[in-house]
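# Notes for the structure review
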Amino acid sequence: QEQPVESGGGLVQPGGSLRLSCESSGRIFRVLPVSWYRQAPGKERDFVASISNGGIPNYSDSVKGRFTISRNNAKTTVYLQMNSLKPEDTGVYYCKNAQFWGQGTQVTVSS
């Protein structure tokens, strides 16, 4: 199956950290870029970060310096390490690979 599956979301205090995971056994997942998007309550879905087949990352300005995207060597898992979390980071985080979207995982940053 090509549909990726996210995990690792939860409730965290401002300034805290979470690591999200995106997994897929599909062939496309191993050769095409993988991206993370998020959707805050009442807002549109926005780009967060991406990583290429060669491991080159790209970040939105709002998360640059705080988030890190990476892949395992087998290219079956993509991680999003989120540090120094802010309340504005709250939302449902989705993993995207080509036309395939995961179901999302909830991240809530609140004191």
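The following refers to the structure shown.

Reading the values: the criteria
Residues numbered from 1 in each chain as written. Predicted model: local features only at pLDDT ≥ 70, side-chain atom pairs only at ≥ 80, totals over all residues. Heavy atoms only, no water. Helix = DSSP H or I, 4+ residues; strand = E, 2+ residues; numbered from the N terminus. Rg over C-alpha atoms; globule rule 2.2 N^0.38 Å. Contact = heavy atoms within 4.5 Å. Areas by Shrake-Rupley, 256 points an atom, 1.4 Å probe, with all protein chains shown as cover. Lys, Arg positive; Asp, Glu negative; His and termini not counted. Charge placed at Lys NZ, Arg CZ, Asp CG, Glu CD. Pairing = 2+ DSSP bridges. Axes fitted to C-alpha atoms, helices over the stretch in contact; angles between N-to-C directions. Buried < 20%, exposed > 50% of the residue type's maximum accessible area, 1.4 Å probe, protein only.

All right, on to the overall build of the chain then. A count of helices and strands for the chain gives 1 helix and 11 strands. Starting at the N terminus and walking to the C terminus, you meet the elements of the chain as β-β-β-α-β-β-β-β-β-β-β-β. Whereas a compact globule of 111 residues would reach a radius of gyration of roughly 13 Å, the chain reaches 13 Å, a difference of no more than 12%. Structurally, the chain occupies a C-alpha span of about 40 × 25 × 20 Å along its principal axes. The contacts in the chain between residues at least 6 apart in sequence include a share of 54% that link residues at least 24 apart. Within the structure as shown, the chain displays about 5,900 Å² of accessible surface, and the carbon and sulfur contribution to it stands at 47%. Each charge sign in the chain was given a centre, from 12 positive and 8 negative side chains, and these centres are 6 Å apart.

What follows deals with the sheet that holds strand β3 (residues 18-23). The 4 strands are arranged β1-β3-β8-β7 in an open sheet whose pairing can be described as antiparallel. Whereas interior strands pair on both sides, the edge strands pair on one side only; in this sheet they are β1 (5-7) and β7 (67-71). On average, each strand axis in the sheet is inclined to that of its neighbour by 15°, with strand direction left out of account.

Turning next to the pairing of β7. Where burial is concerned, the two faces of β7 differ: the one with Phe-67, Ile-69 and Arg-71 is buried and the one with Thr-68 and Ser-70 is not. Pairing of β7 with strand β8 (residues 77-82) involves 5 bridges; the strand directions are antiparallel. In the sheet register, Arg-71 faces β8, and the bridge partner there is Val-78. In this structure, the hairpin formed by β7 and β8 is closed by a connection of 5 residues, where Lys-75 is found at a positive phi of approximately 60°.

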